[in-house]
Amino acid sequence: MKLPQLRRSRTAVRVEPSRFAARDNVSEAFAGVLQRPARSALTALGTVLGVGTFVAVLGLTATTSSQIDSRFNLLTATEVTVEDVAREKNNFAGPGFPADADLRVERLGGVQHAGVFFKVRLDPTTGGVRSAPVGGAKGGSENTDVIAASPGALQATVPKMAQGRLYDEYHSRTRQRVAVLGSAVAARLGITTLDTRPAVFIGSEPFTVIGIVQDVRRKSDLLLSVAVPRTTAEEIWGPPQSSGTTMLISTDVGAAQQVARLAPTALRPDHPEYLKAVPPPDPRTLRSGVTSDLEQLFLILAGICLVIGAVGIANTTLVAVLERTGEIGLRRALGARGRHITTQFLAESGALGTLGGLVGTSLGTLTVVGVAVIREWTPVIHPATVASAPLLGLVTGVLAGLYPAWRAARIEPAEALRR
């Protein structure tokens with residue numbers, strides 16, 4: 001810091017204004033921070049948490065959004081459902097789907113698998129699903145759903161088999177009494193192997209179990225149900241209620257919207273209004289909704305951490321002002337002005353905020369990368385987030401140091417030296 005110099009003149013003695021250069025300001029700020037490293041580290045901890053949370057939130061949100069896009073393209077964007085609304089139209093009581101509904105839809109371009117399914121309404125007096133013909137036997141279940149599904153409907157769920165196989169067109173055409181169990185139902189009924197050719201009793205009707213489904217990518221309620229061929233169910237329990245029948249269609253990527261437009265006409269060219277096709281939702285709407293929810297939740301947490309960090313910096317800077325009253329008085333007596341004292345303490349609080357911002361940015365980036373590696377995702381962090389995070393720490397530090405710096409600038413030199 002340059003002290004004021006006296007120059008003699010022919011008329012009077014002129015005192016040059018004190019100069020406090022920017023490099024002097026920075027050096028004094030870092031000297032003040034490094035003078036008490038433990039206190040400075042604890043003071044910057046709040047800013048570290050706030051900025052780190054800020055970076056982690058935006059990074060994890062972007063990473064999660066990319067995963068949503070990927071899963072959407074693979075599953076939701078290739079799924080179309082067609083609902084039977086014939087009863088709602090002109091009080092039509094007959095089935096909206098024709099008998100060859102699967103074949104008609106599978107002829108459309110872009111369709112991989114398609115099939116009709118509905119929930120079977122059992123007579124409560126005959127009991128539910130049992131593993132033995134005697135009612136109330138161990139392993140019985142009165143609440144297990146029975147789903148009548150075409151072979152194409154099961155294939156559209158993209159099942160993963162634990163044992164056995166799915167029934168096919170031959171079983172459906174010949175009305176075979178075969179069943180496919182979800183893994184949860186099989187465990188409840190005590191069926192652990194298919195080597196003994198186990199059977200289940202639906203009411204009083206026996207069905208041979210030919211497969212156990214371990215997992216599905218669509219219609220997860222199938223794991224809690226017993227699936228039987230649609231034609232077999234209609235032969236035993238009669239046709240379904242019109243409002244309870246649905247068709248599940250799996251398509252190629254990009255073909256779902258077109259299939260949804262054509263399916264009602266292909267199924268019922270005479271009355272396409274009896275069927276309602278539900279195309280997949282807009283992926284941009286899904287992504288923006290999930291992203292907005294995540295950002296709002298976690299950015300509030302980041303804001304709270306930043307407030308805590310700002311309070312910590314303000315408190316520590318104010319204590320430093322009280323402890324260094326004598327130093328401030330000496331600087332004022334040697335020619336330092338109020339603005340010089342203000343910029344010095346603002347520089348110290350800004351240095352603490354910037355240091356916390358840099359450390360928080362590093363920790364937040366490592367958190368995003370670590371979570372992505374564990375989940376086998378691709379980490380996504382926008383460069384603007386990494387660039388703006390240290391600036392956020394700087395702004396937090398400067399705002400936190402405004403009051404302590406203003407109070408330090410108001411200290412009178414004589415009073416400070418007297419203390």
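What counts and how
- Residues numbered from 1 in each chain as written.
- Predicted model: local features only at pLDDT ≥ 70, side-chain atom pairs only at ≥ 80, totals over all residues.
- Heavy atoms only, no water.
- Helix = DSSP H or I, 4+ residues; strand = E, 2+ residues; numbered from the N terminus.
- Buried < 20%, exposed > 50% of the residue type's maximum accessible area, 1.4 Å probe, protein only.
- Areas by Shrake-Rupley, 256 points an atom, 1.4 Å probe, with all protein chains shown as cover.
- Axes fitted to C-alpha atoms, helices over the stretch in contact; angles between N-to-C directions.
- Parallel < 35°, antiparallel > 145°, perpendicular 65-115°, else oblique.
- Left-handed = near helix turned anticlockwise from the far one by under 90°.
- Contact = heavy atoms within 4.5 Å.
- Nonpolar A, V, L, I, M, F, W, Y, C, P; charged D, E, K, R; others polar.
- Arc of directions from axis to C-beta.
- 1 Å grid on protein atoms, 1.4 Å probe; cavity = no way out; pocket = protein on both sides within 12 Å on 5 of 7 lines; lining within 4 Å.
- Points joined across faces, edges and corners; volume = space filled by probe spheres on them.
- pLDDT = per-residue confidence, 0-100.
- Salt bridge = Lys/Arg side-chain N within 4 Å of Asp/Glu carboxyl O.
- Core = buried A, V, L, I, M, F, W, Y, C linked by side-chain atoms within 4.5 Å.
- Phe/Tyr/Trp six-rings, centres within 6.5 Å; stacked < 30°, edge-to-face > 60°.

## Some words on the overall build of the chain
Of the regular secondary structure elements, the chain holds 14 helices and 13 strands. Counting across all 419 residues of the chain, residues that qualify as buried make up 42%. Accessible surface for the chain amounts to roughly 22100 Å². Of this, 58% is attributable to carbon and sulfur atoms.

## Some remarks on the packing of helix α11 (residues 338–375) against helix α13 (residues 402–409)
Between α11 and α13, the least distance of the axes is 8 Å, while the angle of their chain directions is 150°. With respect to α13, the element α11 is oriented roughly antiparallel. Pair α11 / α13 crosses with right-handed handedness. Along the contact surface, α11 presents G338, I341, T342, F345 and L346, while α13 presents L402, A405, A408 and A409. Split by residue class, the contact of α11 with α13 holds 7 nonpolar, 2 polar and no charged.

## Remarks on α13
When we look at burial in α13, the residues that qualify are P404, A405, A408 and A409. The buried residues of α13 occupy one face: seen down the axis, they fall within an arc of 135°.

## Quick notes on the layout of surface pockets
Considering only enclosed or pocket space, the largest pocket measures out at about 320 Å³ in volume. Taken together, 15 residues make up the lining of the largest pocket; nearest its centre are A99, D100, S172, R230 and T231. Looking at the lining of the largest pocket, the elements that each hand over two or more residues are α3 (101–106), α5 (169–173) and α7 (230–237). A per-element tally of the lining of the largest pocket places α3 first, with 4 residues. Here the lining of the largest pocket is built from residues that sort into 4 nonpolar, 3 polar and 8 charged. Of the pockets and cavities examined, the second largest pocket occupies roughly 270 Å³. F117, I147, K219, D221 and L222 are the residues nearest the centre of the second largest pocket, which is lined by 15 residues in total. The set of elements that each furnish at least two residues to the lining of the second largest pocket consists of β4 (111–119), β6 (145–149) and α4 (151–156).

## Some details on the confidence of the model for the chain
Detailed conclusions should not be drawn from predicted coordinates in areas where pLDDT is low. Overall, the predicted model of the chain reaches an average pLDDT of 79, with 78% of residues at or above 70. At the level of individual helices and strands, the chain shows its lowest average pLDDT in strand β1 (residues 6–7), which scores 47, and its highest in strand β8 (residues 178–182), which scores 95.

## Description of the pattern of salt bridges
For the structure shown, the criterion picks out 7 salt bridges. One salt bridge connects E234 with R230, and the closest N-O pair in it is separated by 3.2 Å. In this pair, E234 and R230 are both assigned in helix α7, 4 residues apart and thus about one turn of the helix distant. Classification of E234 by relative accessible area gives partly exposed; the value is 27%.

## Structural notes on the nonpolar core
One finds L181, V200, V226 and V228 to be the most contacted residues of the largest nonpolar core, which totals 20 residues. Sorting the residues of this core by element identifies β6, β8, α6 (183–189), β9 (199–202), β10 (205–216) and β11 (225–229) as the ones contributing at least two each. With near-sequence residues (within four places) excluded, V228 lies in contact with V146, I147, A148, A149, Y167, V178, A179, I202, F207 and A233. Grouped together as the second largest cluster of nonpolar side chains are 18 residues, F97, A114, I249 and A260 included.

## What about the packing of aromatic side chains?
Evaluation of the coordinates by the stated rule reveals 2 aromatic pairs. A centroid spacing of 6.1 Å and a plane angle of 15° characterise the contact between F207 and W237, whose relative ring orientation is stacked. Placement of F207 in strand β10 and of W237 in helix α7 is noted, with a sequence separation of 30 residues between them. In this structure F207 comes out as buried when scored by relative accessible area, which is 0%. With centroids separated by 6.0 Å and ring planes inclined at 35°, the aromatic side chains of Y403 and W406 adopt a geometry described as tilted. You can see Y403 and its partner W406 sitting in helix α13, 3 residues apart, about one turn around the helix. Looking at Y403, the relative accessible area reads 45%, which means it is partly exposed. Classification of W406 as partly exposed rests on a relative accessible area of 45%.

## Comments concerning unusual backbone geometry
Phi at R197 is positive, roughly 50°, even though this residue is not glycine. Counting through the fold element by element, R197 comes out in the loop between α6 and β9. For K219, which is not glycine, the phi dihedral falls at a positive 55°. Inspection of the secondary structure puts K219 in the loop between β10 and β11. What makes K219 partly exposed here is its relative accessible area of 32%.

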